[in-house]
Amino acid sequence: MIRGREIEVHDQNPVLDPASARVTLVTALAWRAIAEIVRRRHVTHAFKLLQIHPGSSVRGLLELQLHSRSGGEALPSIDFNLGGPSGTWKTSSGAHGCFLGLLGPEPRTVIDRIEDAVGLPRVHGAVPASSTEALSVRVVAGLVESRVFDRHGWRTTLGVHGCHAGDVAADWTVPMGVRFDPPDAYGSLAAEAYERLSRLVLIHRTADECPVVTLSELQGRALLVDITTGRIAGAGPDGLELRGDLRRMRGAVGGSMTRMLAKLVSEF
């Protein structure tokens, strides 16, 4: 608030109404938070990603689940709500906050607060080298971020998402070699199929902020990342074109994440 020549600062979050944030921005911030948590924890914790559209939510949410590799109880899940109000995170334990704070001067504090809320100890020292899965998630985050200022809206769609009508599997998962039985009479996929399909991430334009479940719905080119294998493919209404393996692509540019992302963005 400006009073004369004085500026009153209420908090450290950006001056932005979360409900008015473009879906591209909110999606990019959600993936950046997920990527940083996975990057920090992939050695000690396995992770699952889910896309859920409760009620009539168009944007939906991304849910991150972490499970200790040494056994024990699963940690509280973390929801990154992309709409209504957008830009918020919430854990199943009840903690919540605004991940638009990642735009602030201390983005690390947002990640620290989320990890504190689910009972993870603070990270000290160097972050471990990225596994294939961690690298893939970081690439998804970087690719979505590259679209933030595009005149078109962009979002991600996982290979399957849940909604009030049941599980919705995308047809663009089949050319990636992922096989699954159709949903049962109650609209549910087998748990293993749901988890595997959730590891396929399509980064695409969206005019209506909705997910894309068929290639024919695509507007222009898109990229598909397989988190499990590290494979990446170009996607269009006519099908998929495999582009290669992320670990090999990174090795080909001297191990530089920045140069690899720049190459992928130029081919988008």
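Residues numbered from 1 in each chain as written. Predicted model: local features only at pLDDT ≥ 70, side-chain atom pairs only at ≥ 80, totals over all residues. Heavy atoms only, no water.

Draft legend 1. A look at the sheet that holds strand β13 (residues 231-236). Here 5 strands make up an open sheet; going across it, the order is β8-β11-β12-β13-β14 and the pairing antiparallel. Two strands close off the open sheet at either side, each with one partner strand: β8 (154-158) and β14 (239-245). Across the sheet, the mean angle separating the axes of adjacent strands is 25 degrees when strand polarity is ignored. Where strand β11 (residues 200-205) lies against strand β12 (residues 222-226), 4 bridges are found, and the strand directions are antiparallel. In the sheet register, I203 faces β12, and the bridge partner there is L223. (Pairing = 2+ DSSP bridges. Helix = DSSP H or I, 4+ residues; strand = E, 2+ residues; numbered from the N terminus. Axes fitted to C-alpha atoms, helices over the stretch in contact; angles between N-to-C directions.)

Draft legend 2. Representation of the nonpolar core. Counting residues in hydrophobic clusters, the biggest one holds 55 residues, and the most contacted among them are W31, L64, F80, F99 and L143. The leading source of residues in this core is helix α1 (residues 23-41), at 11 residues. Contacts of W31, omitting those with residues within four sequence positions, involve L49, L62, V137, V140, A141, V144, T156, L158 and V201. In this structure, V212, V213, L215 and L218 belong to the second largest nonpolar core, which totals 19 residues. (Core = buried A, V, L, I, M, F, W, Y, C linked by side-chain atoms within 4.5 Å. Buried < 20%, exposed > 50% of the residue type's maximum accessible area, 1.4 Å probe, protein only. Contact = heavy atoms within 4.5 Å.)

Draft legend 3. Expanded view of the pattern of salt bridges. Tallied over the full model, the rule gives 16 salt bridges. For E209, the salt bridge is made with R59, and the minimal N-O distance between the two is 2.9 Å. With E209 in the loop between β11 and β12 and R59 in the loop between β3 (45-53) and β4 (61-68), this pair connects stretches of sequence that are 150 residues apart. Assessed through its relative accessible area of 11%, R59 is described here as buried. (Salt bridge = Lys/Arg side-chain N within 4 Å of Asp/Glu carboxyl O.)

Draft legend 4. Looking closely at the sheet that holds strand β5 (residues 78-81). One open sheet holds the 7 strands; their spatial order is β7-β6-β5-β4-β3-β9-β10, and the pairing between them is mixed. Looking at which strands have only one partner, the edges of the open sheet turn out to be β7 (96-98) and β10 (166-169). Taking the axes of each pair of neighbouring strands and ignoring which way they run, one obtains an average angle of 25 degrees across the sheet. With 4 bridges connecting them, β5 and strand β6 (residues 88-91) associate as antiparallel partners.

Draft legend 5. Here's a closer look at the environment of L135. By the element assignment, L135 lies in helix α3 (residues 132-145). Between the C-alpha atoms of L135 and S20, which are 115 residues apart in sequence, the distance is 31 Å.

Draft legend 6. Region of interest: α1. Between the first and last C-alpha of α1 there are 27 Å, a value that for 19 residues agrees with the 27 Å anticipated at 1.5 Å per step. Taking burial as the measure, the 19 residues of α1 include 17 buried ones, the bulk of the element. (Expected span 1.5 Å × (residues − 1).)

Draft legend 7. Structural context of the packing of aromatic side chains. Applying the stated criterion across every chain yields a total of 1 aromatic pair. For R147, the ring lying beneath its charged end belongs to W154, and the centroid distance is 5.3 Å. When the ring centre of F47 is taken as origin, the NZ or CZ atom of R199, which lies over that ring, is 4.4 Å away. (Phe/Tyr/Trp six-rings, centres within 6.5 Å; stacked < 30°, edge-to-face > 60°. Lys NZ or Arg CZ within 6 Å of the ring centre and 35° of its normal.)

Draft legend 8. Focus on the confidence of the model for the protein. The predicted model of the protein has a mean per-residue pLDDT of 88, with 92% of residues at 70 or higher. Under a pLDDT of 50 for its full length, residues 1-14 has, in the predicted model, 13 contacts with residues more than four places off or in other chains. (pLDDT = per-residue confidence, 0-100.)

Draft legend 9. Focus on the pairing of β5. Judged from the 4 bridges that link them, β4 and β5 form a sheet pairing that is antiparallel. What sits directly across from L61, in β5, is N81.

Draft legend 10. Expanded view of the packing of α1 against α3. Their axes nearest at 8 Å, the elements α1 and α3 cross at an angle of 155 degrees. One finds that α1 runs roughly antiparallel with respect to α3. Handedness of the crossing formed by α1 with α3: left-handed. Facing α1, whose interface residues are T24, T27, A28, W31, R32, I34, A35, V38 and R39, α3 presents A134, V137, R138, V140, A141, G142, V144 and E145. Looking at the contact of α1 with α3 residue by residue, the classes come out as 10 nonpolar, 3 polar and 4 charged. (Parallel < 35°, antiparallel > 145°, perpendicular 65-115°, else oblique. Left-handed = near helix turned anticlockwise from the far one by under 90°. Nonpolar A, V, L, I, M, F, W, Y, C, P; charged D, E, K, R; others polar.)

Draft legend 11. Expanded view of the side chain of R138. Tracing the sequence through the fold places R138 in helix α3. Among buried Asp, Glu, Lys and Arg side chains, R138 stands out as unpaired, with E36 the closest opposite charge at 6.6 Å. If near-sequence neighbours (up to four positions away) are discounted, R138 is found in contact with R32, A35, R39, S130, R250 and M257. (Lys, Arg positive; Asp, Glu negative; His and termini not counted.)

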